[in-house]
Amino acid sequence: MKRQRKTPLFQGDLVKEALKQSFVKLDPRILYRNPVMFTVEIGTFIMLLVCLWILKGDHLQGSFAYNFFIFIILLLTVLFANFAEALAEARGKAQANSLRKTREETPAKLIQSFGEIMLKEIKIVSSSLLKKGDIFFCETGDIVPADGEIIEGIATIDESAITGESAPVIREAGGDKSSVTGGTRVLSDKIKVKVTAKPGESFLDKMIAMVENATRQKTPNEIALTILLAGFTLIFIIVCVTLQPFSLYAHTPIPIAAFISLFVCLIPTTIGGLLSAIGIAGMDRALRANVIAKSGKAVETAGDLDTILLDKTGTITIGNRKATNFYPAAGVNENDLIKACALSSLADETPEGKSIVELSGKNIPINMLSTEGATLIKFSAETRTSGVNLQNGIQLRKGAADAIKRLSVDAGNPFPEEIQKKVEEISSNGGTPLVVSENKKIIGVIELQDIIKPGIWERFERLRKMGVKTVMVTGDNPLTAKYIAEKAGVDDFIAEAKPEDKLEYIRKEQQKGKLVAMMGDGTNDAPALAQADVGVAMNSGTAAAKEAGNMVDLDNDPTKLIEVVEIGKQLLMTRGTLTTFSIANDVAKYFAIVPALFMVSIPALASLNIMHLYSPQSAILSAIIFNAIIIPLLIPLALKGVAYKPIGASALLRRNLSIYGLGGIILPFIGIKLIDLIISTII
Amino acid sequence: MNTEITGVILMFIATIALAIPFGKYIAKVYAGERTFLDPVFNRVEKFFFRISRIDPNKEMNWKQHLVTLLTINLIWFLFGMLMLMNQRWLPLNPDGNPSMTPDCAFNTTVSFVSNTNLQHYSGETGVSYLGQLILQLFQFISAGTGMAAVAVVFCALKERTADKLGNFYNFFIKSCTRILLPISFVVAIILVFNGTPMTFKGKDTIISLQGDTVHVSRGPAASMIAIKQVGTNGGGFYGANSAHPLENPTYLTNVVENISIILISIALVFALGFYLKRKKLALMIFGVMIIGVLIFLIPTIIQEMKGNSAIAKMGIDQTAGSMEGKEVRLGSAASAYWSIITTVTSNGSVNAMHDSFTPLSGMFIMLGMMINSFFGGVGVGFLNFYIFIIIAVFISGLMVGRTPEFLGKKVEAREMKIAMIIFLLHPLLILSGTALSSYVIHIHPGLPWLNNPGYHGFSEMLYEYTSSSANNGSGFEGLGDTPSVFWNITCGFVMLVSRFLPIIGPVAIAGLLAKKKYIPESAGTLKADTVTFGIMVFAVIAILVALSFFTALALGPIAEYFSK
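Residues numbered from 1 in each chain as written. Chains lettered and ligands numbered in written order. Predicted model: local features only at pLDDT ≥ 70, side-chain atom pairs only at ≥ 80, totals over all residues. Heavy atoms only, no water.

1. Quick notes on the overall build of chain B
Working step 1: A count of helical and extended segments in chain B gives 18 helices and four strands.
Working step 2: Computed over its C-alpha atoms, the radius of gyration of chain B comes to 23 Å, within 12% of the 24 Å expected for a compact globule of 564 residues.
Working step 3: Dimensions of chain B, computed from the C-alpha atoms along their principal axes, are close to 75 × 60 × 50 Å.
Working step 4: When each of the 564 residues of chain B is scored for burial, the buried share is 66%.
Working step 5: With the model as given, the accessible surface of chain B reaches about 19,900 Å², and the carbon-plus-sulfur share is 68%.
Working step 6: Distance between charge centroids for chain B: 14 Å, based on 38 positive and 30 negative side chains. (Helix = DSSP H or I, 4+ residues; strand = E, 2+ residues; numbered from the N terminus. Rg over C-alpha atoms; globule rule 2.2 N^0.38 Å. Buried < 20%, exposed > 50% of the residue type's maximum accessible area, 1.4 Å probe, protein only. Areas by Shrake-Rupley, 256 points an atom, 1.4 Å probe, with all protein chains shown as cover. Lys, Arg positive; Asp, Glu negative; His and termini not counted. Charge placed at Lys NZ, Arg CZ, Asp CG, Glu CD.)

In structure tokens:
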């Protein structure tokens, strides 16, 4: 069962917390970070003064009720923006809290040591007292008290607390699956673990801190956008300030309420109010996809990726190669061959060997394979063969083509031409041929094939349309690699790859100015993870890999990179579209407010009142009400993000420009008119 | 079809037809390829470079470019002030015109150095022939400055990472001698053959049909009129500018002058395409600009040919169109055409009085200057457009889900900051200038500043600052700007700031971008040379300019239009 990923947007307790925070955030010391909303707050304050002024007896600024109403709406505008930000933060925090629950104090079985020597004594201490380098012991049923690396033993571990995935995983000392995360539970066996993180600096601690600090740091793109928005705000300060002398010249006194309303309507409050919520929501979306980004910048960069490196095994193909066909040599009965294949593979513990037994089981029932009195010869990487010496003296061997060939040729038996041909044919089709011999005579060939994951072709096609180049990394020979690359639809491949090759490839791409992402888990992946612009480490990977990458995937799912790219793009798109929408809205607001400002003293300008709004006051009110309520209405969009469609940049721009640009021009005309109709019935 | 309209359409087509090969030629000049004038000028240039110890092959970074640009302008500025203040006793003053006062000399020099050519003097009485020649020199210098700046930006837009962007002296000299000089020469010859004076003799005297003795001002006029048009300067030899019969004697000279006003500005867009080998990009930019021009041009021509309803009410025939303030030899359509072409570029020479145009035409004329980048002044027009491109790239880049980039370079916070400052400058100068003068008039209603009260008076003030800030130099002329110290000082300040900051900004952005890593295009990259992006740029320009100036326009031309 996956952890519930879709919490409803407006969850009761989150909303309550967000409401409280909206008021806390009114503090100018917090709000000044957001120049757009900060100016609105100043406007609100001025309106408050105007209201007090009227109470003291001023008559030039219009009725108290009208001015007070404007004050309230402006205050609501700021509160709505604060609410959007607070809600996004609350959602992030809720996510973090659910993770933090796993961090509650757990007892740790600390192994006492004397210098380098481990003593047998075990002391129960609280997890918070564990230091880096301490060694603890876990057995069935224990909660792992801290992040660490297994130094001894193997265990099945339930990581559902972190990943939401209930299927247990195996972690063992040595290799790339040696890392355990604090908060997970050992289901079976015993392990000794060395603590790799100081208290408070564990992986989860960092994650929680990151989610909670999401608002504190602005990403480079956010800073640039804030500059743009500040620029727009300045423009409208200029417009509104100069309007005062213009109106003096035109003998048209404009009340303060109208000035401030015009100003607040024109500055990009919609995007200004939602900007930080969009950023937080982006990281939150990554978190929901069980990816932890170490910084908001990493998520942004993901949207820009040009090239991604994917491991073949597990990403493009399902696990390991599988036997798909048996080809008997001339004069050999197929069933005999299959039987021989199955018998010779019984001692082969590799997944390939198991798959041969499995495939042969379709033709021959497993109980027919009697191995009584037989000697099993185990598969070894040196001989690259496995086999069986049966009771009746028959020696069956199965293995790599050249190994078996040598075996048979050395014994003076020919290597049949049709077998040679078959071997080459299988190789060129991306498969792996294994040859089978009986008493050193060739009797047939087994074909092993990579099974390409269903649907992977479509995913690569989608990436290609986004402009992302996919590169498959594999240890296979170039011929096999090419075949699989073509079949899976990746753009390029690195065959016979060593870890250095990945690093080299990433550097080469980066020199061409491209942004590269890769996913890895092993310590030997660490340099490449660090070099890549986006390095996604698997949670199961080594501490070094997790340290080197700038994202960690809790699900250990190699296809996660694709999701990460989309999250990054969504984040940027949401910003862009809402900016466009916000600015496009100004057209209608101008047509509502400008005639309202001048209609009384310059009747000719009533012709600009194309919406036929009821009165100057109702026009101004409608505009600022629309301006305020559009913020909460767009919160769902800001939090969910604008849907990304891989249809090419120009088509995407056309689409978004017509929805958010053209829509942004038309919608407020309708909205303001509707609000005006309602107001005019009330008045 | 109406011959007036046919004439205008032919003029339009001829301009574009000439601009394409000319753009190719400009690209060759800036790329350093051999051109037909090399044999004539190479040796002279070599000589001058040697004695001034300048190595024209030494490449500069963007900061060095800007320092050089400002130094050249400052030195010529000081030289110009000195000459104008002492012209009375200097040679070539047959009419015995007096020296300029320091403030008038300051205003005039600023105006000519900044390519604005707002003239607070009358050519016939205010300057000597030497003064006129110096002003002509400035018309070359200011146009050459703008073009050299755009050459730096062209160089920066190449597909590579670079710090060094050519040599400013080289770009500057080449702009003057290989581009401005040859066309000016051709235009001047045509003018001379059509009756424009080109002499150092003093005033001529004729007896009119009524028997009066009339003194006719002469002088080295043809050469000045040529460069004033070609270099989008606009400052005429005579006070009445190209409405004066000796500046613009015939319909033919009107066509030639009109083509030369916008020729280089259009050609530079094509030059960009040839230079960068990005013809589609150039076509996109050209498309946006030409549609912008047509949007102003067509309604203005229609309005002016329809006649003025207020005058029609007086019972005066309007079949020839609204002819108040227009020359009969040119007609309403050609005058309307000129008014738009001279304001979308930062030229500012006039062949009719813009003050007398119908209100909406007046608004389109002002909008051309408010945008100031639909072709715009030579060189600087593209620089202004570049700012809008950067803003459009930023917003649309986000909309397609990538951090924004233009021609393979990432646009980040620093570039955005510069772009926003430069964009803000224009509305800031125009609106605050107009606000200041509105306020002064509000306090002192008796001031003899405005010839017209009400909305039209407001338009006159708005026009003056728009024209100064756009470095255009044309006036609504209803404004009593000649004698007033207020207008001299404020407009002088506006011209100076609005000339150099909008050159510094785009060159800085281009220089910063040039230094960045080049990112090759992918399917996810937003291509700048598409119709979609063109629409985006157009929308950004339209919305930003509309939002900045709507209130001012509503109180000026729009109020006047609805009050008819």
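2. Thoughts on unusual backbone geometry
Residue and element names in this part refer to chain B.
Working step 1: With a phi close to 60 degrees, Leu92 is a non-glycine residue in the positive phi region.
Working step 2: Judged by its relative accessible area of 32%, Leu92 is partly exposed.
Working step 3: Phi at Asn117 takes a positive value of approximately 65 degrees, unusual for a residue other than glycine.
Working step 4: Looking at where Asn117 falls in the secondary structure, it is placed in the loop between helix H4 (102-113) and helix H5 (123-126).

3. Things to note about the interface of chain A and chain B
Working step 1: Contacts between the two partners involve 62 residues from chain A, matched on the other side by 64 residues from chain B.
Working step 2: Overall, the association of chain A and chain B removes approximately 5,100 Å² of surface from exposure, summing both partners, and the carbon and sulfur fraction of that is 78%.
Working step 3: Interface area lost by chain A to chain B is led by Phe246(A), Tyr249(A) and Leu653(A), which between them contribute 16%.
Working step 4: Seen at the junction of chain A and chain B, the total is two salt bridges.
Working step 5: Connecting chain A to chain B are ten residue pairs in polar contact (both at pLDDT 80 or more).
Working step 6: Residues that form the side of chain A that touches chain B fall into these classes: 38 nonpolar, 14 polar and ten charged. (Contact = heavy atoms within 4.5 Å. Buried area = accessible area lost by both parts, 1.4 Å probe. Salt bridge = Lys/Arg side-chain N within 4 Å of Asp/Glu carboxyl O. Polar contact = N/O pair within 3.5 Å; in protein donor to acceptor, adjacent residues only side chain to side chain. Nonpolar A, V, L, I, M, F, W, Y, C, P; charged D, E, K, R; others polar.)

4. Comments concerning the pattern of salt bridges
When the charged atoms of two side chains lie near each other, side chains of opposite charge can form a pair.
Working step 1: All chains considered together, the criterion is met by 29 salt bridges over all chains.
Working step 2: Residues Glu461(A) and Arg464(A) are paired through a salt bridge, measuring 2.7 Å at the closest nitrogen-oxygen approach. Remark: Arg464(A) and Glu461(A) occur in helix H15 (residues 456-466); sequence separation between them is three residues, near one turn of the helix.
Working step 3: According to the relative accessible area criterion, Arg464(A) is partly exposed, its value standing at 27%.
Working step 4: Residue Lys228(B) pairs with Glu247(B) through a salt bridge whose shortest N-O separation is 2.5 Å. Of this pair, Lys228(B) sits in helix H8 (residues 221-230) while Glu247(B) sits in the loop between H8 and helix H9 (251-276), placing them 19 residues apart in sequence.
Working step 5: One connected set of salt bridges, linked through shared partners, spans Asp304(A), Asp306(A), Arg402(B), Glu405(B) and Lys410(B).

5. As for the packing of helix H9 (residues 269-288) of chain A against helix H20 (residues 560-598) of chain A
All names here are of chain A.
Working step 1: Axis separation between H9 and H20 bottoms out at 10 Å; the angle between their running directions is 170 degrees. With respect to H20, the axis of H9 lies roughly antiparallel. Contacts between H9 and H20 involve Thr269, Thr270, Ile271, Leu274, Leu275, Ile278, Gly279, Gly282, Arg285 and Ala286 from the former and Ile567, Gln570, Leu571, Thr574, Arg575, Leu578, Thr579, Phe581, Ser582 and Asn585 from the latter. (Axes fitted to C-alpha atoms, helices over the stretch in contact; angles between N-to-C directions. Parallel < 35°, antiparallel > 145°, perpendicular 65-115°, else oblique.)

6. Description of the sheet that holds strand E13 (residues 385-389) of chain A
Residue and element names in this part refer to chain A.
Working step 1: If you trace the six strands from one edge of the open sheet to the other, you get E11-E16-E15-E14-E13-E12, paired in antiparallel fashion. At either margin of the open sheet sits one strand with a lone partner, and together these are strand E11 (322-328) and strand E12 (375-377). Averaged over neighbouring strand pairs, the angle between their axes works out to 15 degrees when direction is ignored.
Working step 2: Of the strand pairs in this sheet, E13 and strand E14 (residues 395-400) are connected by five bridges, and their pairing is antiparallel. Residue pairing in the sheet places Asn389 in a bridge with Gln395 of E14. (Pairing = 2+ DSSP bridges.)

7. Description of the nonpolar core
Working step 1: By size, the foremost hydrophobic cluster in this structure holds 334 residues, and its most contacted members are Phe236(A), Met551(A), Tyr30(B), Ile264(B), Ile285(B), Ile391(B) and Phe533(B).
Working step 2: The residues contacting Ile285(B), other than those within four sequence positions of it, are Val269(B), Leu272(B), Phe382(B), Phe385(B) and Ile389(B). (Core = buried A, V, L, I, M, F, W, Y, C linked by side-chain atoms within 4.5 Å.)

8. Structural notes on the side chain of Thr530(B)
Working step 1: Looking at the element boundaries, Thr530(B) is found in the loop between helix H17 (485-515) and helix H18 (531-562).
Working step 2: In this structure Thr530(B) comes out as buried when scored by relative accessible area, which is 16%.
Working step 3: Of note is the side chain of Thr530(B), whose polar atom sits 3.2 Å from the backbone nitrogen of Phe533(B).
Working step 4: Leaving out residues up to four positions away in the same chain, Thr530(B) has contacts with Ser650(A) and Met284(B).

9. Here we look at H4(B)
Residue and element names in this part refer to chain B.
Working step 1: Taking 1.5 Å as the rise per residue, H4 with twelve residues should run 16 Å; its terminal C-alpha atoms sit 16 Å apart, in good agreement.
Working step 2: In terms of burial, H4 is a largely internal element, nine of the twelve residues being buried.
Working step 3: Regarding H4, the residues found buried are Cys104, Ala105, Asn107, Thr108, Thr109, Val110, Ser111, Phe112 and Val113.
Working step 4: Here the buried face of H4 lies against helix H3 (62-85), helix H6 (129-156), H8 and H17. (Expected span 1.5 Å × (residues − 1).)

10. Some remarks on the confidence of the model for chain A
Working step 1: The pLDDT averaged across chain A works out to 83; a share of 90% of its residues lies at or above 70.
Working step 2: Below pLDDT 50 for its whole length, residues 1-5 of chain A participates in 16 contacts with residues either more than four positions away or in separate chains. (pLDDT = per-residue confidence, 0-100.)

11. Structural notes on the sheet that holds strand E21 (residues 551-553) of chain A
Residue and element names in this part refer to chain A.
Working step 1: Read from one edge to the other, the open sheet built from seven strands follows the order E9-E21-E20-E19-E10-E17-E18, with strand pairing classed as mixed. Lying at the two open borders of the sheet, with one neighbouring strand each, are strand E9 (291-293) and strand E18 (492-494). Strand-to-strand, the axes of this sheet are offset by a mean angle of 20 degrees, without reference to chain direction.
Working step 2: Here three bridges tie E9 to E21, and the two strands are oriented antiparallel to one another.

12. Quick word on a nonpolar patch on the surface
All names here are of chain A.
Working step 1: On the surface, a cluster of nonpolar side chains totalling about 570 Å² of accessible area is made up of Phe45, Leu49, Leu52, Leu55, Phe64 and Phe68.
Working step 2: Residue assignment for the nonpolar patch shows that the elements contributing at least two residues are helix H3 (35-55) and helix H4 (64-100).
Working step 3: Tallying contributions element by element places H3 first for the nonpolar patch, with four residues.
Working step 4: On the basis of relative accessible area, Phe68 is assigned to the partly exposed category, the value being 35%. (Patch = residues over 30% accessible without salt bridge, like charges linked within 9 Å, V, L, I, M, F, W, Y side chains within 5 Å.)

13. Considerations on the pairing of strand E20 (residues 534-538) of chain A
Residues and elements named next belong to chain A.
Working step 1: With respect to burial, E20 is a largely interior element, five of its five residues being buried.
Working step 2: Burial along E20 is two-sided: Val534, Val536 and Met538 and Gly535 and Ala537, pointing in opposite directions, are all buried.
Working step 3: Read as a crossover between parallel neighbours, the route from strand E19 (residues 516-520) over helix H18 (residues 526-531) to E20 is right-handed.
Working step 4: Pairing analysis gives three bridges linking E20 to E21, with the strands arranged parallel. Counted as the bridge partner of Ala537 is Val552 from E21.
Working step 5: Following the chain from E20 across helix H19 (residues 543-548) to the adjacent parallel E21, one finds a crossover that is right-handed. (Right-handed = clockwise from strand over helix to strand, strands pointing away.)

14. Re empty space enclosed by the protein
Picture a little ball the size of a water molecule; that probe, rolled over the atoms, points out where space is still empty.
All names here are of chain B.
Working step 1: Enumeration over the complete set of coordinates arrives at ten cavities of 30 Å³ or more.
Working step 2: One number sums up the size of the largest cavity: a volume of about 270 Å³.
Working step 3: Around the largest cavity sit 26 residues that line it, and Ile371, Asn372, Asn384, Ile422 and His426 are the ones nearest its centre.
Working step 4: If you list the elements that add at least two residues to the lining of the largest cavity, you get helix H13 (359-371), helix H14 (380-399), helix H15 (413-443), H17 and H18.
Working step 5: In terms of residues, the lining of the largest cavity owes the most to one element, H15, which gives six residues.
Working step 6: In terms of residue class, the lining of the largest cavity is made up of 15 nonpolar, ten polar and one charged.
Working step 7: In this structure, the second largest cavity encloses a volume near 120 Å³.
Working step 8: Lining the second largest cavity are 15 residues, with Leu407, Gly408, Glu521, Leu526 and Ala528 positioned closest to its centre.
Working step 9: Each residue belonging to the lining of the second largest cavity can be placed in one class, and the counts come to eight nonpolar, two polar and five charged. (1 Å grid on protein atoms, 1.4 Å probe; cavity = no way out; pocket = protein on both sides within 12 Å on 5 of 7 lines; lining within 4 Å. Points joined across faces, edges and corners; volume = space filled by probe spheres on them.)

15. Considerations on the packing of H14(B) against H15(B)
Packed helices, taken two at a time, are described by their axes: the angle between them and the distance between them.
Residues and elements named next belong to chain B.
Working step 1: Across the interface, H14 lies against H15 with an axial gap of 9 Å and an inter-helix angle of 130 degrees. Our classification of the angle between H14 and H15 gives oblique. The interaxial crossing formed by H14 with H15 has left-handed handedness. Mapping the contact onto sequence places Ile387, Phe388, Ile390, Ile391 and Phe394 in H14 and Met416, Ala419, Met420, Ile422 and Phe423 in H15.
Working step 2: Residue classes in the contact of H14 with H15 are distributed as ten nonpolar, no polar and no charged. (Left-handed = near helix turned anticlockwise from the far one by under 90°.)

16. Details of the environment of Thr579(A)
Residues and elements named next belong to chain A.
Working step 1: With respect to the secondary-structure elements, Thr579 resides in helix H20.
Working step 2: In this structure Thr579 comes out as buried when scored by relative accessible area, which is 1%.
Working step 3: Each C-alpha atom, one on Thr579 and one on Leu225, is 8.9 Å from the other, the two residues being 354 residues apart in sequence.
Working step 4: Not counting the four nearest positions on each side in its chain, Thr579 is found in contact with Leu225, Leu228, Leu229 and Ile271.

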